[in-house]
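Listed below, chain by chain, are the residues.
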Amino acid sequence: MKVRDLMSQNVKWVDPNQSLEEVAQILASSNIGSVPVCQDKQLMGMITDRDILVRAIAQGKDPKTTKATEIMTKEVQSVSPETDIHQASDLMAESQIRRLPVVDNNQLVGFLAIGDIAVQSIHVNEAGEALSSISEGIQH
């Protein structure tokens with residue numbers, strides 16, 4: 001199974017010049033904790049609700065005038081749509097991140113969340129258990 005099979009293609013992203021106030025409103029209205037920062041769909045960084053709190057508010061920066069690019073994380077882990085889902089899962093575990101941007105030809109094309117993988121794993125396990133139960137009833 002590949003990342004493309006589980007990723008969300010409807011991705012919210014913000015412009016690097018958007019204010020932190022606007023970014024926070026997008027996070028709140030979308031009920032998400034992080035959002036990619038892109039220019040022309042090219043991934044430049046990530047910004048989280050925690051980044052806004054720790055790197056801006058706690059430092060006395062004005063959320064109305066501070067731009068996303070000023071506090072975003074620039075070194076971002078990402079995967080391609082063709083990445084094996086197990087490799088993506090391992091990367092998430094190693095990096096201790098819950099959401100991975102999916103990039104193709106330097107363009108943001110989707111997002112893979114740990115929940116997407118968990119839901120798929122549940123279905124696979126349930127299918128495996130069901131098959132095992134069925135197989136037990138077969139006489140050889």
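Above this note sits the structure.
Given the structure is predicted, the values throughout are model-derived calculations rather than measurements.

1. Side note on the packing of helix H2 (residues 20-30) against helix H3 (residues 49-56)
Between H2 and H3, the least distance of the axes is 10 Å, while the angle of their chain directions is 150 degrees. As judged from the angle between their axes, H2 and H3 are roughly antiparallel. In the packing of H2 onto H3, the handedness of the crossing is left-handed. Residues Leu-20, Val-23, Ala-24 and Leu-27 of H2 form the contact with H3, whose own contacting residues are Asp-49, Ile-52 and Ala-56. Per-class residue counts for the contact of H2 with H3 are six nonpolar, no polar and one charged.

2. Some points on a nonpolar patch on the surface
On the surface, Leu-53, Val-54 and Ile-57 cluster together to form a nonpolar patch covering roughly 250 Å² of accessible area. Here Val-54 lies in helix H3.

3. Quick word on the pattern of salt bridges
Taken as a whole and judged by the stated rule, the model has four salt bridges. Glu-82 is paired through a salt bridge with Arg-4; the nearest N and O atoms lie 3.0 Å apart. Of this pair, Glu-82 sits in the loop between helix H4 (68-71) and helix H5 (85-95) while Arg-4 is found in helix H1 (residues 3-6), placing the two residues 78 residues apart along the sequence. Given the relative accessible area of 37%, Arg-4 is considered partly exposed. Linking Glu-21 and Lys-64 is a salt bridge whose minimum nitrogen-to-oxygen distance equals 2.9 Å.

4. Describing the pairing of strand E3 (residues 99-104)
Side-chain positions along a regular strand alternate between the two faces of the sheet. With six bridges joining them, E3 and strand E4 (residues 107-113) adopt antiparallel strand pairing. For Val-103, the partnering residue across the bridge sits in E4 and is Leu-108. What sits between E3 and E4 in their antiparallel hairpin is a turn of two residues, with Asn-105 showing a positive phi close to 50 degrees.

5. Digging into the side chain of Gln-18
Relative to the helices and strands, Gln-18 is located in the loop between H1 and H2. A polar contact of 2.8 Å, which involves the side chain of Gln-18, links it to the backbone nitrogen of Asp-15.

6. Considering H5
Since there are 3.6 residues in each turn of an α-helix, residues three or four apart along the chain are aligned in direction. Those residues of H5 that fall on the buried side of the exposure criterion are Ile-85, Ala-88, Leu-91 and Met-92. Looking straight down H5, one finds that the buried residues subtend no more than 120 degrees of arc, so they occupy a single side. Opposite the packed face of H5, turned more than 90 degrees from it, sit the exposed residues His-86, Gln-87, Ala-93 and Glu-94. Of the residues that open H5, the one with a side-chain oxygen 2.8 Å from the backbone nitrogen of His-86 is Asp-84. Just beyond H5, the residue with positive phi is Gln-96, at close to 55 degrees.

Conventions and cut-offs
- Residues numbered from 1 in each chain as written.
- Predicted model: local features only at pLDDT ≥ 70, side-chain atom pairs only at ≥ 80, totals over all residues.
- Heavy atoms only, no water.
- Axes fitted to C-alpha atoms, helices over the stretch in contact; angles between N-to-C directions.
- Helix = DSSP H or I, 4+ residues; strand = E, 2+ residues; numbered from the N terminus.
- Parallel < 35°, antiparallel > 145°, perpendicular 65-115°, else oblique.
- Left-handed = near helix turned anticlockwise from the far one by under 90°.
- Contact = heavy atoms within 4.5 Å.
- Nonpolar A, V, L, I, M, F, W, Y, C, P; charged D, E, K, R; others polar.
- Patch = residues over 30% accessible without salt bridge, like charges linked within 9 Å, V, L, I, M, F, W, Y side chains within 5 Å.
- Areas by Shrake-Rupley, 256 points an atom, 1.4 Å probe, with all protein chains shown as cover.
- Salt bridge = Lys/Arg side-chain N within 4 Å of Asp/Glu carboxyl O.
- Buried < 20%, exposed > 50% of the residue type's maximum accessible area, 1.4 Å probe, protein only.
- Pairing = 2+ DSSP bridges.
- Polar contact = N/O pair within 3.5 Å; in protein donor to acceptor, adjacent residues only side chain to side chain.
- Arc of directions from axis to C-beta.

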